Amino acid sequence: MAARYAPNVPGTSPDGPTPQSDAAPVSGATPPEIGPRGLTAADLRPVTVPILVSALANLVGGYLWLFLSSCLAIFLTAPMLVLCAFELIYFARAPQMAGRDLDRRGTALGVFEVILGIFNGVSFVCGILVLLNLMKLRERLQTNG
């Protein structure tokens with residue numbers, strides 16, 4: 001027995017279901033929103049990428065200070081590695097964070113990056129970038145509601 005298809009029903013034809021298109025989305029289409037804030041991944045990138053770069057720089061810098069210096073370097077290495085861990089956690093959770101948490105935690109990380117930047121130049125630059133980009137993101141969140 002052949003199945004009967006109703007006329008004028010999208011996705012059906014007398015020959016069987018109409019195949020779906022694998023075409024790329026239209027260039028004017030908006031990217032999907034992330035989290036409850038209505039932000040996209042592109043909106044978070046100016047904040048999360050410097051944090052990831054700083055985390056990697058703190059990891060490498062912390063171990064360099066540890067292996068190339070004396071026992072006094074432990075006082076520099078420990079904060080760098082702890083900050084690296086918090087930066088990686090922030091980077092992983094940023095898309096799901098609420099706007100207020102994103103701003104508050106990002107600001108704290110940016111300040112600590114600047115403070116530890118005394119001993120790690122990459123972290124210093126990334127901290128300044130994070131703080132500046134968070135100001136822009138904060139303005140955007142306030143205008144969007």
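Source: prediction; values computed, not measured.

Q: Quick one: what's the story with the pattern of salt bridges, residue by residue and with numbers?
A: Should their charged atoms come close, side chains of opposite charge can pair. With the rule as written, the count across this model stands at 3 salt bridges. Close ionic contact of D103 with R138 constitutes a salt bridge, the shortest N to O distance being 2.8 Å. With D103 in helix α3 (residues 99-116) and R138 in helix α4 (residues 121-144), the pair connects residues that are 35 residues apart, well separated along the chain. Judged by relative accessible area, which is 29%, R138 ranks as partly exposed.

Q: Which residues make up the layout of surface pockets, and what values do they have?
A: Of the pockets and cavities examined, the largest pocket occupies roughly 240 Å³. Forming the boundary of the largest pocket are V82, L83, F86, I89, Y90, R93, M97, R105, A108, L109, F112 and L116. Elements represented by at least two residues in the lining of the largest pocket include exactly α2 (74-93) and α3. The leading source of residues in the lining of the largest pocket is α2, at 6 residues. Each residue belonging to the lining of the largest pocket can be placed in one class, and the counts come to 10 nonpolar, no polar and 2 charged.

Q: Can you tell me about the side chain of E87, naming the residues and giving the values?
A: Turning to its location among the elements, E87 is positioned in helix α2. For the buried E87, no salt bridge exists, and the shortest N-O distance to an oppositely charged side chain is 14 Å, to R105. For E87, the side chain forms a polar contact with the side chain of S54, separated by 2.9 Å.

Q: Now, about the packing of α3 against α4: what can you tell me, with residues and values included?
A: It is the contact of α3 with α4, at a shortest axis distance of 8 Å, that shows an interaxial angle of 155°. Put simply, α3 runs roughly antiparallel to α4. You can see that α3 and α4 cross each other, and the crossing is left-handed. Counting all contacts with α3, which are made through G99, L102, D103, G106, T107, G110, V111, E113 and V114, the residues of α4 involved are S123, F124, C126, G127, I128, V130, L131, L134, L137, R138 and L141. Looking at side-chain class alone, the contact of α3 with α4 contains 11 nonpolar, 6 polar and 3 charged residues.

Parameters at a glance
- Residues numbered from 1 in each chain as written.
- Predicted model: local features only at pLDDT ≥ 70, side-chain atom pairs only at ≥ 80, totals over all residues.
- Heavy atoms only, no water.
- Salt bridge = Lys/Arg side-chain N within 4 Å of Asp/Glu carboxyl O.
- Helix = DSSP H or I, 4+ residues; strand = E, 2+ residues; numbered from the N terminus.
- Buried < 20%, exposed > 50% of the residue type's maximum accessible area, 1.4 Å probe, protein only.
- 1 Å grid on protein atoms, 1.4 Å probe; cavity = no way out; pocket = protein on both sides within 12 Å on 5 of 7 lines; lining within 4 Å.
- Points joined across faces, edges and corners; volume = space filled by probe spheres on them.
- Nonpolar A, V, L, I, M, F, W, Y, C, P; charged D, E, K, R; others polar.
- Lys, Arg positive; Asp, Glu negative; His and termini not counted.
- Polar contact = N/O pair within 3.5 Å; in protein donor to acceptor, adjacent residues only side chain to side chain.
- Axes fitted to C-alpha atoms, helices over the stretch in contact; angles between N-to-C directions.
- Parallel < 35°, antiparallel > 145°, perpendicular 65-115°, else oblique.
- Left-handed = near helix turned anticlockwise from the far one by under 90°.
- Contact = heavy atoms within 4.5 Å.

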